[in-house]
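Coordinates in review
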Amino acid sequence: MAEINRLEEAYNWNISRLADAFGLHRDTVRKRLKEAGVVPAGSRNGANLYALKDAGPALYSDRIGSAALSPDEYPPQDRKAWFQSENERVKLEREMRLLVPVEDAHREMSRLAKAMASALDSLPDLLERDAGLAPEGLELVERVTDNLREQMYQAVMAEDDDPEVAHG
């Protein structure tokens, strides 16, 4: 026959269940609960049960404050875990094609710039031959396209100098 418990007891979990729910190792859960001074809310079958409302904040309260730390300031085990997670994140983003290698980005930007420059170079000739544009109009088109080419060049050079863009 099934055991009937009070509703409040549904939110009292043992260390294994807390570890599964929060994606942590049981030893980590045990250590963080002890460090936070969380007392068991009861026990079942010889295992301590912890109130979820007390355990949740205890498991992550110190992690929220340490989020501002750089990985170099983490303890060695946390630093190793952080770098492993970052490597996995990069690998996943690369597989999902959300992350493009810098060489590919440069190659594609170069291809785009060459196509734009070629089109801008041939525009005055096209307008003269096919549209019969007067010489004054051609000079204006050439000034505008030269100005546009210069703006594109300056934008590319500015991004190369910006470390956030280059490495971000």
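For clarity, every value in this text was computed on a predicted model and none was experimentally measured.

Take the overall build of the protein chain next. Along the protein chain, the regular secondary structure elements total seven helices and three strands. For the protein chain, buried positions account for 14% of its 168 residues. When contacts within the protein chain are restricted to residue pairs at least 6 apart in sequence, long-range pairs at least 24 apart make up 44% of them. Accessible surface, the protein chain as shown: approximately 13,200 Å² in total, 55% of it carbon and sulfur.

Next up on the list: the packing of helix H1 (residues 15–22) against helix H2 (residues 26–36). A pair of packed helices is characterised by two quantities: the angle between their axes and the separation of those axes. One can describe the packing of H1 onto H2 by two numbers: an axis separation of 8 Å at closest approach and a directional angle of 110°. Considering the angle they form, H1 stands roughly perpendicular to H2. Counted together, Ile15, Ser16, Leu18 and Ala19 of H1 and Arg26, Val29, Arg30 and Leu33 of H2 form the full contact between these two elements. Of the residues assigned to the contact of H1 with H2, the class counts are five nonpolar, one polar and two charged.

What follows concerns the confidence of the model for the protein chain. Detailed reading of the predicted model is not advised wherever pLDDT is low. Taken residue by residue, the protein chain gives an average pLDDT of 82. The fraction at 70 or more is 85%. Within the model, pLDDT remains below 50 along residues 163–168, and this stretch shows three contacts once partners closer than five positions in the same chain are excluded.

Another point: the nonpolar core. Proteins that are soluble and globular tend to have nonpolar side chains buried together. Membership of the largest hydrophobic core is limited to eleven residues, which are Trp13, Ile15, Leu18, Ala19, Val29, Leu33, Val38, Tyr50, Ala55, Ala58 and Leu59. What leucine 18 contacts, discounting residues up to four positions off in sequence, is Trp13, Val29, Leu33, Tyr50, Leu52 and Ala55.

For the coordinates displayed, the defined rule picks out two aromatic pairs. Judged by centre distance (5.7 Å) and plane angle (50°), the rings of phenylalanine 22 and tyrosine 60 are tilted. Here phenylalanine 22, found in helix H1, pairs with tyrosine 60, found in helix H3 (residues 52–65); they are 38 residues apart in sequence, far enough to count as distant. Under the relative-accessibility criterion, tyrosine 60 is labelled partly exposed at 29%.

About the thresholds
- Along each chain, numbering runs from 1 in the same order as the chain's sequence is written.
- Selection of residues for local features in this predicted model requires a pLDDT of at least 70, selection of side-chain atom pairs for listing and counting requires 80 or more, and totals for whole chains, interfaces and linings are taken over all residues.
- Where side-chain values are given, they derive from all heavy atoms of the structure, hydrogens and water being excluded.
- Secondary structure follows DSSP: runs of H or I at least 4 residues long count as helices, runs of E at least 2 residues long count as strands, and numbering of each begins at the N terminus.
- Buried residues are those whose accessible area, probed at 1.4 Å on protein chains only, stays under 20% of the maximum for their type, while exposed residues exceed 50% and partly exposed ones sit between those limits.
- Whether two residues touch is decided by their heavy atoms; if any such pair falls within 4.5 Å, the residues are in contact.
- Per-residue accessibility takes into account occlusion by the displayed protein chains alone, with areas from the Shrake-Rupley method and a 1.4 Å probe.
- Axis lines are fitted through C-alpha atoms, for helices just across the contact stretch, and the angle between N-to-C directions can take any value from 0 to 180 degrees.
- The labels follow the angle: roughly parallel below 35 degrees, roughly antiparallel above 145, roughly perpendicular from 65 to 115, and oblique for the rest.
- Gly counts as polar in this scheme, as do all residues outside two lists: the nonpolar Ala, Val, Leu, Ile, Met, Phe, Trp, Tyr, Cys and Pro, and the charged Asp, Glu, Lys and Arg.
- A score between 0 and 100, pLDDT records how confident the predictor is in each residue.
- The nonpolar core is taken to be a set of buried Ala, Val, Leu, Ile, Met, Phe, Trp, Tyr and Cys residues, with the residues joined through side-chain atoms within 4.5 Å.
- Each Phe, Tyr or Trp ring, with Trp reduced to its six-membered ring, pairs with another whose centre is within 6.5 Å; inter-plane angles below 30 degrees give stacked pairs, above 60 give edge-to-face pairs, and intermediate values give tilted ones.

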